[in-house]
Amino acid sequence: MQYAIDATDETPVRSGDIRIHQPEDFDGMKKAGALSASCLDMLTDYVAPGITTAQIDARVREFVLDSGAVSATIGYRGYRHATCISLNHVICHGIPSEKVLKNGDIMNIDVTVIVDGWHGDTSRMFFAGEPKVKARRLVETTYDAMMAGINVVKPGATLRDIGAAIQKIAEGAGFSVVRDFCGHGVGRLFHDAPNVVHYAEYRDRFAGVQRAPLTELKEGMFFTIEPMINEGKPDVRMMKDGWTAVTRDKSLSAQFEHSIGVTKNGCEIFTKSPKDLDRPPYAPAK
């Protein structure tokens, strides 16, 4: 994998090279990340049984517009919504609809905003009412797995180290790591190199052992870590809408996502909640 210095190009294109950002670029990502995190904070006292996922999406759309920002997902490859809301057995890219939330539902709400050209990409799990014990444990484990991956990030570590840390937590709790989707480079581009898989290795029945790349992390890299963890098997089924991915065995799935930047001695989380509401259950945002 090659690395590219990202200096003053305002309209980069995905080249396959990993961008090495400059110190001033961290300020842009912090601003975008803080807004996307504040958007999810706003939802902590709104998500509840009886509302629809379309109502949640409308509230996010309004928040982003009122903040003077742009939703990165509206119009992206034809997508028409300000969020992806993945409910219960939906792994990712769930489309907001008139579906009414029921007590015990769990869901991932994924938001990406653009502020001054920088993308703040983040997601969290939310509970509608009181989830079942195993659903709560799945959500807690997924958050812990994401943070374990983040905690190994520093110059000289590798993408495989991130995957190994995530896989250890998830599989140690009896859950499985989704392999079909991954984190990604982020910055002035929504999706950029590198791909950040959330495993170290696994055995595919057709292709044999598959291993995460040993790409070395360098100061100035920006990317997301966003593990999707399933209650059952890791297998994915795509719905006919071309977006929604669900668990093939209809088991529950959970996901958290942060955007981070590699620093001299570790990393900075751009999308950390300003109100420390990074994981449920959430106290109402004030």
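Preceding this section is the structure that the text describes.
Below, the structure is looked at part by part. (Residues numbered from 1 in each chain as written. Predicted model: local features only at pLDDT ≥ 70, side-chain atom pairs only at ≥ 80, totals over all residues. Heavy atoms only, no water.)

A few words now on the sheet that holds strand E17 (residues 253–255). Taking strand neighbours across the sheet as the criterion, the 3 strands line up as E8-E14-E17 in an open arrangement whose pairing is antiparallel. The outermost strands of the open sheet, each flanked by one partner alone, are strand E8 (176–177) and E17. As judged from the 2 bridges shared by E8 and strand E14 (residues 228–230), these two strands associate in the antiparallel manner. The residue bridging Val-177 from the neighbouring strand is Ile-229, located in E14. Contacting E14 and E17, helix H3 (residues 133–151) runs over the sheet at an angle of about 35 degrees to E17. (Pairing = 2+ DSSP bridges. Helix = DSSP H or I, 4+ residues; strand = E, 2+ residues; numbered from the N terminus. Contact = heavy atoms within 4.5 Å. Axes fitted to C-alpha atoms, helices over the stretch in contact; angles between N-to-C directions.)

Let us now look at the pairing of strand E13 (residues 222–225). Regular strands show a simple pattern: their side chains alternate between the two faces of the sheet. The two faces of E13 match: Phe-222 and Thr-224 on one face and Phe-223 and Ile-225 on the other face are all buried. Here 4 bridges tie E13 to strand E18 (residues 258–262), and the two strands are oriented antiparallel to one another. Each bridged residue has a counterpart across the sheet, and for Thr-224 the counterpart in E18 is Ser-259. (Buried < 20%, exposed > 50% of the residue type's maximum accessible area, 1.4 Å probe, protein only.)

A general feature of soluble globular proteins is that nonpolar side chains tend to end up buried together. Residues Leu-43, Ile-56, Met-107, Ile-109, Ile-162, Phe-223 and Ile-225 are the most contacted members of the largest nonpolar core, which totals 64 residues. Setting aside its immediate chain neighbours within four residues, Met-107 contacts Val-47, Ile-56, Ile-85, Ser-86, Leu-87, Leu-101, Arg-124, Met-125, Phe-126, Phe-127 and Ala-128. Val-178, Met-228, Val-236 and Ala-245 belong to the second largest nonpolar core, which has 7 residues in total. (Core = buried A, V, L, I, M, F, W, Y, C linked by side-chain atoms within 4.5 Å.)

A separate point is unusual backbone geometry. That bond from Ala-193 to Pro-194 is cis: its omega, 5 degrees, falls within 30 degrees of zero. By secondary structure assignment, the location of Pro-194 is in strand E10 (residues 192–196). A cis geometry characterises the amide bond from Pro-280 onward to Pro-281, with omega recorded as 0 degrees. Tracing the chain through its elements places Pro-281 in the segment after strand E19 (267–269). For Asp-276, which is not glycine, the phi torsion reads 55 degrees and is therefore positive. By the element assignment, Asp-276 lies in the segment after E19.

As a further point, take the packing of H3 against helix H4 (residues 159–172). With their axes 8 Å apart at the nearest point, H3 and H4 run at an angle of 155 degrees to one another. Taken as axis vectors, H3 and H4 run roughly antiparallel relative to one another. In the packing of H3 onto H4, the handedness of the crossing is right-handed. Listed contacts from H4 to Thr-141, Asp-144, Ala-145, Ala-148 and Gly-149 of H3 are Ile-162, Ala-165, Ile-166, Ile-169 and Ala-170. Per-class residue counts for the contact of H3 with H4 are 7 nonpolar, 2 polar and 1 charged. (Parallel < 35°, antiparallel > 145°, perpendicular 65-115°, else oblique. Left-handed = near helix turned anticlockwise from the far one by under 90°. Nonpolar A, V, L, I, M, F, W, Y, C, P; charged D, E, K, R; others polar.)

With 11 of 11 residues buried, strand E7 (residues 118–128) lies mostly within the body of the structure. In E7, alternate side chains face the same way, and those of Trp-118, Gly-120, Thr-122, Arg-124, Phe-126 and Ala-128 on one face and His-119, Asp-121, Ser-123, Met-125 and Phe-127 on the other are all buried. In the sheet, strand E6 (residues 105–115) pairs with E7 via 11 bridges, with the strands oriented antiparallel. When the bridges of E7 are listed, Val-111 appears paired with Thr-122.

Our focus in this paragraph is the packing of aromatic side chains. According to the stated counting rule, one finds 9 aromatic pairs in the structure shown. Centre to centre, the rings of Phe-26 and Phe-222 are 4.9 Å apart; their planes meet at 90 degrees, and the pair counts as edge-to-face. Taken together, the residues span a long stretch of sequence, with Phe-26 in helix H1 (residues 23–43) and Phe-222 in strand E13 at a distance of 196 residues. Taken together, a centroid distance of 5.3 Å and an interplanar angle of 80 degrees make the contact between Tyr-143 and Phe-256 edge-to-face. Residue Tyr-143 is located in helix H3, and its partner Phe-256 is located in the loop between E17 and E18; the two are separated by 113 residues in the primary sequence. (Phe/Tyr/Trp six-rings, centres within 6.5 Å; stacked < 30°, edge-to-face > 60°.)

Once that is clear, we can look at the packing of H1 against helix H2 (residues 53–66). Taken N-terminus to C-terminus, the directions of H1 and H2 make an angle of 140 degrees; their axes are 10 Å apart at the nearest point. The angle between the axes of H1 and H2 places the two elements in the oblique class. Note that H1 runs across H2; the crossing there is right-handed. Contact residues: H1 offers Leu-35, Ser-38, Cys-39, Met-42 and Leu-43, while H2 offers Ile-56, Arg-59, Val-60 and Phe-63. Looking at the contact of H1 with H2, its residues break down into 7 nonpolar, 1 polar and 1 charged.

Read these as geometric descriptors, not functional statements.
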